Amino acid sequence: MRLTPGNWFSIGMFSGPSPVELAPAPGARNPVLTFRDVTGIPAIFVADPFMVRHDDGLWYMFLEVFNDHNYLAEIALAVSENGLDWSYRGVVLTEPFSLSYSYVFRWQGDYYMLPEMYQQNCVRLYRAEAFPAGWKPVATLLEGSPIADASIFRWANHWYIFACPHPADHDELRLYWADNLTGPWREHPKSPIIVGDPRRARPGGRVVEWGSGLVRFAQDCYPRYGTALRAFEITRLTPHEYSERPFEQPPIRKPDAGEWNSLAMHHIDAHRLDDGSWLAVADGHNHPSYADEKY
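Every value quoted in this text rests on a predicted model; they were computed, and no experiment measured them. (Residues numbered from 1 in each chain as written. Predicted model: local features only at pLDDT ≥ 70, side-chain atom pairs only at ≥ 80, totals over all residues. Heavy atoms only, no water.)

**Q** Is there a simple way to explain the sheet that holds strand β4 (residues 59-67) in this structure?
**A** Pairing is antiparallel in the open sheet, where four strands are placed in the order β3-β4-β5-β6. One side of each edge strand has no neighbouring strand; the edge strands of this open sheet are β3 (43-53) and β6 (87-93). For this sheet the average axis-to-axis angle between neighbouring strands, irrespective of direction, equals 30°. Where β3 lies against β4, seven bridges are found, and the strand directions are antiparallel. Within β4, the position partnered with Met51 by the bridge is Met61. (Pairing = 2+ DSSP bridges. Helix = DSSP H or I, 4+ residues; strand = E, 2+ residues; numbered from the N terminus. Axes fitted to C-alpha atoms, helices over the stretch in contact; angles between N-to-C directions.)

The structure is reproduced here in structure tokens:
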């Protein structure tokens, strides 16, 4: 099915007392970004938002924009002073293939991004030479097979990546680790972590520290891709061990019928604020044909 511009994925803001207790953010007019906000290219939808708060006090959101002209996904930028009202600024990273899941993070003063490019059978790390633009590849971290939604994080002096090797089935979760950001990367001895379960395998956003541990977000892809979001507490993680347990409730309450995100939510990026509360960006949609299509 060729998509056409419309109410596919859009982006909204959420807040709450923890990364697993979130509701629409007061003061945000959700969705805060849709395909209608995109300028410079004909957009079909916006999705997969990740954000960072820079030293200048501004929030920078990097998101997937699906270009109807070349039918490729590209990485674009939006900026906000308060994390609630966003201004679209344009495309900042393109390749001759689709890019999505613009997982942006800071390490040792530099900004990096690990966008999805599963059709290239690799995961490539980019660094911003002139943040928030000037993204250049610096290393290939994983390669050899399709890799979707690679989610990188640092814990107890080691780097880890969650990734889904079956983008069409969404049913397997693999784990990789390294001592250094650029590698060498190796598969974790407990990997694959999940096999044959589309309800909890595919990564659904940034891994975050909360309390004394970590929270992993996952897409519930049953009965279809991006049905809902789930959260899991990582109870043990070393280069040799791994265990997790699910939170009973989804991190974001199920929206009411007819709301902008009532049919699908498959991505979240949550950040702890200075006052201890949490601000998160997520995507979702309510396109009427979604119930009949395997998107």
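The rest of the description comes next.
**Q** Help me understand the sheet that holds strand β10 (residues 133-143) in this model?
**A** In a beta sheet, neighbouring strands pair by backbone hydrogen bonds and run either parallel or antiparallel. Strand order in the open sheet made by the four strands is β7-β8-β9-β10, with antiparallel pairing throughout. In this open sheet, the two strands that pair with only one neighbour each are β7 (100-107) and β10. Looking at each pair of strands side by side, their axes are set apart by 25° on average, direction ignored. Pairing of strand β9 (residues 122-130) with β10, which is carried by eight bridges, proceeds in the antiparallel orientation. When the bridges of β10 are listed, Ala130 appears paired with Ala133.

**Q** Which parts of the structure should I look at to understand the pairing of β4?
**A** Along a regular strand, successive side chains alternate from one face of the sheet to the other. Across the nine residues of β4, nine count as buried, placing the element largely inside the fold. Side-chain alternation along β4 places Trp59, Met61, Leu63, Val65 and Asn67 on one buried face and Tyr60, Phe62, Glu64 and Phe66 on a second face that is also buried. Between the end of β3 and the start of β4, which pair antiparallel, lie five residues, with Gly57 showing a positive phi angle near 90°. In this structure, β4 lies alongside strand β5 (residues 72-80), joined through nine bridges in antiparallel fashion. Bridging across to β5, Phe62 finds its partner in Leu77. Linking two consecutive strands that pair antiparallel, namely β4 and β5, is a turn of four residues; a positive phi of about 55° is found at Tyr71 within it. (Buried < 20%, exposed > 50% of the residue type's maximum accessible area, 1.4 Å probe, protein only.)

**Q** Got a minute to help me understand the packing of aromatic side chains in this structure?
**A** Within a pair of aromatic rings, the relevant descriptors are the distance that separates the centres and the angle that separates the planes. One pass over the full model with this rule turns up 20 aromatic pairs. Here the aromatic rings of Phe62 and Trp135 are separated by 5.5 Å at their centres, their planes lie at 90°, and the arrangement is edge-to-face. Pair noted here: Phe62 is in strand β4 and Trp135 is in strand β10, with a separation of 73 residues, a long-range link. Among the aromatic residues, those joined into a cluster by ring pairs are Phe50, Tyr101, Tyr103, Phe105, Trp107, Tyr112 and Trp159. The cationic tip of Arg206 hangs over the ring face of Tyr103; the distance from NZ or CZ to the ring centre is 5.1 Å. Directly above the ring of Phe162 sits Arg216, whose terminal nitrogen or CZ lies 5.7 Å from the centroid. (Phe/Tyr/Trp six-rings, centres within 6.5 Å; stacked < 30°, edge-to-face > 60°. Lys NZ or Arg CZ within 6 Å of the ring centre and 35° of its normal.)

Purely spatial values, then, with no claim about function.
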